Amino acid sequence: MEFNIAIDGPAGAGKSTIAKIVAEKMNMIYIDTGAMYRAITFLSIDQGKTTIEDIVDLTKQAKIEIHGKNIFVNNQDVTHSIRNLEVTNNVSKIAQIPEIRILMTRLQREMAKNKGVVMDGRDIGTHVLPDAEYKFYLTAKIIERANRRYEELIKGGLNVTLEQIKKDIIQRDRQDKQRAFSPLTVAEDAVIIDTTKKTILEVVQEVLSYLKKRGEGVVL
Ligand code: DC
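Residues numbered from 1 in each chain as written. Predicted model: local features only at pLDDT ≥ 70, side-chain atom pairs only at ≥ 80, totals over all residues. Heavy atoms only, no water.

Within the secondary structure, Asn 114 is located in the loop between α5 (98–112) and β6 (117–121). Residue classification places Asn 114 among the exposed residues on the basis of a relative accessible area of 64%. (Helix = DSSP H or I, 4+ residues; strand = E, 2+ residues; numbered from the N terminus. Buried < 20%, exposed > 50% of the residue type's maximum accessible area, 1.4 Å probe, protein only.)

What follows concerns the packing of aromatic side chains. Per the stated rule, a full pass over the model turns up three aromatic pairs. A centroid spacing of 6.3 Å and a plane angle of 90° characterise the contact between Tyr 134 and Tyr 210, whose relative ring orientation is edge-to-face. With Tyr 134 in strand β7 (residues 134–139) and Tyr 210 in helix α9 (residues 200–213), this residue pair connects regions lying 76 residues apart in the sequence. Classification of Tyr 134 by relative accessible area gives buried; the value is 5%. A relative accessible area of 23% means that Tyr 210 is categorised as partly exposed. Taken together, a centroid distance of 5.5 Å and an interplanar angle of 85° make the contact between Phe 136 and Tyr 210 edge-to-face. Of this pair, Phe 136 sits in strand β7 while Tyr 210 sits in helix α9; the two residues are 74 residues apart in sequence, bridging distant segments of the chain. In this structure an aromatic cluster arises from ring pairing among Phe 3, Tyr 134, Phe 136 and Tyr 210. (Phe/Tyr/Trp six-rings, centres within 6.5 Å; stacked < 30°, edge-to-face > 60°.)

With that settled, the discussion passes to helix α2 (residues 33–46). With 14 residues, α2 extends 20 Å from end C-alpha to end C-alpha; this agrees with the ideal 20 Å at 1.5 Å per step. Buried within α2 are the following residues: Thr 33, Ala 35, Met 36, Tyr 37, Arg 38, Ala 39, Ile 40, Thr 41, Phe 42, Leu 43 and Ser 44. Capping the start of α2 is the job of one residue whose side-chain oxygen sits 3.1 Å from the backbone nitrogen of Gly 34: Asp 32. Note on α2: the residue one or two positions beyond its end, Gly 48, has a positive phi of about 65°. (Expected span 1.5 Å × (residues − 1). Polar contact = N/O pair within 3.5 Å; in protein donor to acceptor, adjacent residues only side chain to side chain.)

Attention now moves to the nonpolar core. Grouped together as the largest cluster of nonpolar side chains are 32 residues, with contacts concentrated most on Ile 40, Ile 71, Ile 100 and Met 119. Elements that contribute at least two residues to this core include exactly α2, α3 (52–61), β4 (70–73), α4 (85–94), α5, β6 and α6 (124–128). By residue number, the principal contributor to this core is α2, which donates seven residues. In contact with Ile 100, not counting residues within four places along its chain, are Tyr 37, Ile 40, Ile 55, Val 56, Thr 59 and Ile 94. One finds Ile 18, Ala 23, Val 203 and Leu 211 within the second-largest nonpolar core, a separate group that totals 22 residues. (Core = buried A, V, L, I, M, F, W, Y, C linked by side-chain atoms within 4.5 Å. Contact = heavy atoms within 4.5 Å.)

Now for the sheet that holds β4. What the three strands build is an open sheet, ordered β3-β4-β5; its pairing is antiparallel. A strand with exactly one partner marks an edge of an open sheet, and here the two such strands are β3 (64–67) and β5 (76–77). Running over the sheet, α2 touches β3, β4 and β5 and is turned about 40° from β4. (Pairing = 2+ DSSP bridges. Axes fitted to C-alpha atoms, helices over the stretch in contact; angles between N-to-C directions.)

Moving on, we get to the pairing of strand β1 (residues 5–8). A two-sided burial pattern is seen for β1, the buried positions comprising Ile 5 and Ile 7 on one face and Ala 6 and Asp 8 on the other. Inspection of the sheet shows β1 paired to β6 by four bridges, in the parallel sense. Opposite Ile 5, over in β6, you have Val 118 as the bridge partner. Pairing geometry for β1 and β7, over four bridges, is parallel. Each bridged residue has a counterpart across the sheet, and for Ile 5 the counterpart in β7 is Tyr 134.

Bringing the site of the ligand into the picture now. Around the ligand, a shell composed of 16 residues is seen, among which Arg 38, Arg 101, Arg 122, Asp 123 and Arg 179 lie nearest. In this structure, a nitrogen atom belonging to the ligand sits 3.0 Å away from a side-chain N or O atom of Thr 33. Between Arg 101 and the ligand, the recorded distance is 2.8 Å, taken from a side-chain N or O atom to an oxygen atom. In the complex, 97% of the free accessible area of the ligand, which totals 460 Å², lies under the protein chains. Among the secondary structure elements, those contributing two or more residues to the shell around the ligand are α2, α4 and α8 (162–178). Tallied by class, residues from the shell around the ligand come to four nonpolar, four polar and eight charged. (Near = heavy atom within 4 Å. Areas by Shrake-Rupley, 256 points an atom, 1.4 Å probe, with all protein chains shown as cover. Nonpolar A, V, L, I, M, F, W, Y, C, P; charged D, E, K, R; others polar.)

Okay, here's the thing in structure tokens:
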């Protein structure tokens, strides 16, 4: 595969679901960069680190690996632990630390250097892989994004209210968009897809049709 695909957008826009399916259909490698920031957040909570200095040190020494659907930090499989509410509510703060973003960006570029990668996040098309051959920006109305997260968490057995989830999403959007270092913005050359009221399949088809129109070998 001679190209990379960057997929950015706010929480709950459907990025990871769509990116995973597109990668599978295109026989590409899926990389969830949010999971990397979550892994660092999990590690700092787990080790009781609270100062920026300590968290940066921890990150410098951490070994983060993605194997298929699983993410490992220092050889520990943290795939499930990084989705808990404590990590979710603290990850934006950690993702604002410039030194941590620099370290993660370096790792992400390394992972994408041989092409054939579908990478999702907030700053992939704008900062991590500005030369990515294809860029998509997925978005959806706040209420729809909150509903999706709510259903997901309720299914996972968590006791949350829709109102709380909506508040958390608004707060996380604000932090992701307003941070000084590589904030969430739309890349100039990104294709914007509003996923509100669209099914997963419809969005996947939209992405694949776009690639096909550009001459890539896609089986729709
Ligand atoms: O997509 P997610 O909810 O797993 O992302 C977790 C957090 O990490 C989110 O608050 C934004 C941040 N993030 C980031 O700053 N840059 C990325 N490339 C990916 C995620």
